[in-house]
Amino acid sequence: MSQYPSSTRSNGTTESRTNAPAVRVETLQKIYRSDSGSVEAVHSVDLEIESGTAVGLLGPNGAGKTTTIKSLLGLIVPTNGRVAIHGKDVHDSPAETYNRVGAVLEGARNTYWRLTVRENLEFFSALAGQSSSEAKERQAALLEQFSLEDKAEQTVKNLSRGEKQKVSIACTLARDVDVIFLDEPTLGLDVESTLDLRRELRTMVNEQGTTLLVSSHDMDVIEHICDRVVIMNDGEIIADDTVENLFDVFDTQQYEITVDDPFPPAVRETVIDEYHATNFNQREEATRFTVKVIGDEFYDFVNTLQAADVSVDTVTAVEPDLEEIFLRVTDDQTTVDQESELEDGEDR
Ligand SMILES: Nc1ncnc2c1ncn2[C@@H]1O[C@H](COP(=O)(O)OP(=O)(O)OP(=O)(O)O)[C@@H](O)[C@H]1O
């Protein structure tokens with residue numbers, strides 16, 4: 001639930017309600033051209049994000065994530081396609097879309113480091129044209145929400161990396177935006193600050209109805225914050241689903257296995273090659289390791305051990321993780337691409 005009804009924003013402006021999604025991208029294409037040639041960074045991307053949801057954007061380096069986010073922010077002009085925020089075209093209505101969108105991009109300084117946390121919040125509230133009483137109320141709420149009350153009078157320069165990151169996000173919210181793009185939000189943060197920020201981001205979505213698009217290489221963060229995951233590769237979306245559905249589709253399961261020694265080296269090689277065994281640990285005449293299997297593969301794995309006279313002591317299912325799915329999706333795509341390239345070659 002938004003802190004402000006969507007028809008009356010905190011700065012007093014009114015807007016017509018639309019049923020349009022918070023973000024709509026239609027057949028987005030971006031080709032960067034230079035003297036040395038051209039690169040198609042994004043090829044025909046379609047994406048819709050409903051208001052009040054958190055979507056993770058994953059992909060290997062060079063997949064086109066940043067280009068997609070910059071197109072949504074109106075920072076680059078697409079070669080083709082259309083991008084709209086709450087039904088307004090980013091290029092036709094830049095002021096209206098700017099007022100609703102915030103971004104905390106990795107490596108970019110979003111706040112004034114010589115000002116205090118409170119002064120930064122005041123500055124960004126003023127940008128949104130909020131009245132002073134509204135702004136004060138909102139600033140107090142943001143300081144509380146991000147547990148920054150004790151730091152309010154400190155200059156941002158002297159804060160820890162995690163606190164600076166929270167101030168950046170709070171300042172974005174001080175502008176009363178309702179769609180936020182976050183690029184690597186937890187990069188360089190320690191475990192506690194990461195957990196803290198993860199919780200706060202989720203609260204923003206649940207309690208204020210903020211729409212989040214989070215790009216990160218940290219799958220754990222995506223898995224814990226996001227309702228849905230979009231995976232890009234080579235400028236295209238290759239998977240778009242809830243985390244749960246992605247797990248179901250790929251049916252990947254990890255097991256921690258303990259076998260009694262001796263564990264012959266040849267069998268160890270087989271489980272590494274065929275069942276992605278890792279995390280080997282030898283202790284008290286037993287060897288423990290983890291395998292990753294899909295569906296019925298687990299039975300083949302157990303048969304392999306039995307056929308080699310290796311006795312299994314314990315089997316514990318390990319929670320699957322998004323990283324596994326991500327690797328599998330991007331691997332599958334690479335294989336498909338390689339196969340179609342081969343077929344194209346054969347046709348010629
Ligand atoms: N300004 C530019 N000029 C030319 N090529 C570019 C430009 N920006 C990006 N590219 C190219 O476009 C492709 C997609 O880049 P993009 O930065 O969108 O990927 P990304 O998924 O964000 O990668 P990363 O995870 O490494 O940040 C890459 O091949 C990149 O080299």
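Nothing here was measured: the structure is a model prediction, and the numbers come from that model.

It is worth spelling out the sheet that holds strand β4 (residues 80-85) at this point. Strands sit in the order β2-β1-β4-β5 across an open sheet of four strands; the sheet is antiparallel. Sheet topology places β2 (37-49) and β5 (88-89) at the edges, where each strand pairs with a single neighbour. Relative to β2, strand β1 (residues 23-34) runs antiparallel, the two being bridged by nine bridges. Note that in β2 the partner of lysine 30 across the bridge is valine 42. Against the sheet, helix α1 (residues 65-72) engages β1, β2 and β4, with an angle of about 115° to β1.

Near the ligand, the surroundings consist of Tyr32, Val39, Ala41, Pro60, Asn61, Gly62, Ala63, Gly64, Lys65, Thr66, Thr67 and His217. Note that an oxygen atom of the ligand is positioned 2.9 Å from one of the backbone N or O atoms of glycine 64. Side-chain polar atom of lysine 65 to an oxygen atom of the ligand: 2.7 Å apart, as the coordinates give it. Considering the ligand on its own, with 640 Å² of exposed area, one finds that the protein chains cover 58% of that surface. Listed by contribution, the elements that provide at least two residues to the shell around the ligand are β2 and α1. Top contributing element to the shell around the ligand by residue count: α1, with three residues. For the shell around the ligand, the class distribution of residues is five nonpolar, six polar and one charged.

This part covers the pattern of salt bridges. Scanning the model with the defined rule gives 14 salt bridges in all. Between arginine 82 and glutamate 26 there is a salt bridge, with its nearest N and O atoms 3.2 Å apart. With arginine 82 in strand β4 and glutamate 26 in strand β1, this pair connects stretches of sequence that are 56 residues apart. A salt bridge links arginine 82 to aspartate 89, with the nearest nitrogen and oxygen atoms 3.3 Å apart. Through salt bridges with shared partners, a single network forms among Lys166, Asp196, Arg199 and Glu200.

It is worth spelling out the packing of helix α3 (residues 117-127) against helix α4 (residues 132-145) at this point. Packed helices, taken two at a time, are described by the angle between their axes plus the distance between the axes. It is at 10 Å that the axes of α3 and α4 come closest, and there the two elements cross at 130°. When the axes of α3 and α4 are compared, the pair comes out oblique. By crossing handedness, the relation of α3 to α4 is classed as right-handed. Residues Val117, Arg118, Leu121, Glu122 and Ser125 of α3 touch α4, and the partners they reach there are Ala135, Lys136, Gln139, Leu142 and Leu143.

A few words on the sheet that holds strand β9 (residues 228-233). Ordered by their spatial adjacency, six strands build an open sheet running β6-β7-β8-β3-β9-β10, and the pairing between neighbours is mixed. One side of each edge strand has no neighbouring strand; the edge strands of this open sheet are β6 (101-104) and β10 (236-242). Each neighbouring strand pair of the sheet contributes to a mean axis angle of 15°, computed without reference to strand direction. Summarising the sheet, strand β3 (residues 54-58) and β9 pair through four bridges and their orientation is parallel. By the bridge assignment, leucine 57 is partnered in β9 with valine 230. Along the sheet, helix α5 (residues 161-174) makes contact with β6 and β7 (179-183), crossing β6 at roughly 170°. Helix α6 (residues 191-208) contacts β3, β7 and β8 (211-215) of the sheet and is inclined by roughly 150° relative to β8.

Looking at the element boundaries, threonine 316 is found in strand β14 (residues 312-318). With a relative accessible area of 41%, threonine 316 lands in the partly exposed category. With 61 residues separating them in the primary sequence, threonine 316 and tyrosine 255 have C-alpha atoms 5.4 Å apart. Excluding its chain neighbours within four sequence positions, the residues that come into contact with threonine 316 are Gln254, Tyr255 and Glu256.

So, about unusual backbone geometry. Working note: non-glycine residues mostly have negative phi, and peptide bonds are mostly trans. Residue aspartate 261 is joined to proline 262 through a cis peptide bond whose omega torsion reads 5°. Locating proline 262 in the fold gives a position in the loop between β11 (252-260) and α9 (265-275). Located in the positive-phi region is serine 44, a residue other than glycine, with phi close to 50°. Looking at serine 44, the relative accessible area reads 39%, which means it is partly exposed.

Bringing the side chain of asparagine 120 into the picture now. Turning to its location among the elements, asparagine 120 is positioned in helix α3. Judged by relative accessible area, asparagine 120 falls into the buried class, the value being 0%. When near neighbours in sequence (up to four residues on either side) are disregarded, asparagine 120 contacts Thr111, Tyr112, Leu115, Val156 and Cys171.

Definitions and limits used
Residues numbered from 1 in each chain as written. Predicted model: local features only at pLDDT ≥ 70, side-chain atom pairs only at ≥ 80, totals over all residues. Heavy atoms only, no water. Pairing = 2+ DSSP bridges. Helix = DSSP H or I, 4+ residues; strand = E, 2+ residues; numbered from the N terminus. Contact = heavy atoms within 4.5 Å. Axes fitted to C-alpha atoms, helices over the stretch in contact; angles between N-to-C directions. Near = heavy atom within 4 Å. Polar contact = N/O pair within 3.5 Å; in protein donor to acceptor, adjacent residues only side chain to side chain. Areas by Shrake-Rupley, 256 points an atom, 1.4 Å probe, with all protein chains shown as cover. Nonpolar A, V, L, I, M, F, W, Y, C, P; charged D, E, K, R; others polar. Salt bridge = Lys/Arg side-chain N within 4 Å of Asp/Glu carboxyl O. Parallel < 35°, antiparallel > 145°, perpendicular 65-115°, else oblique. Left-handed = near helix turned anticlockwise from the far one by under 90°. Buried < 20%, exposed > 50% of the residue type's maximum accessible area, 1.4 Å probe, protein only.

In short, shape yes, function no, at least from these values alone.
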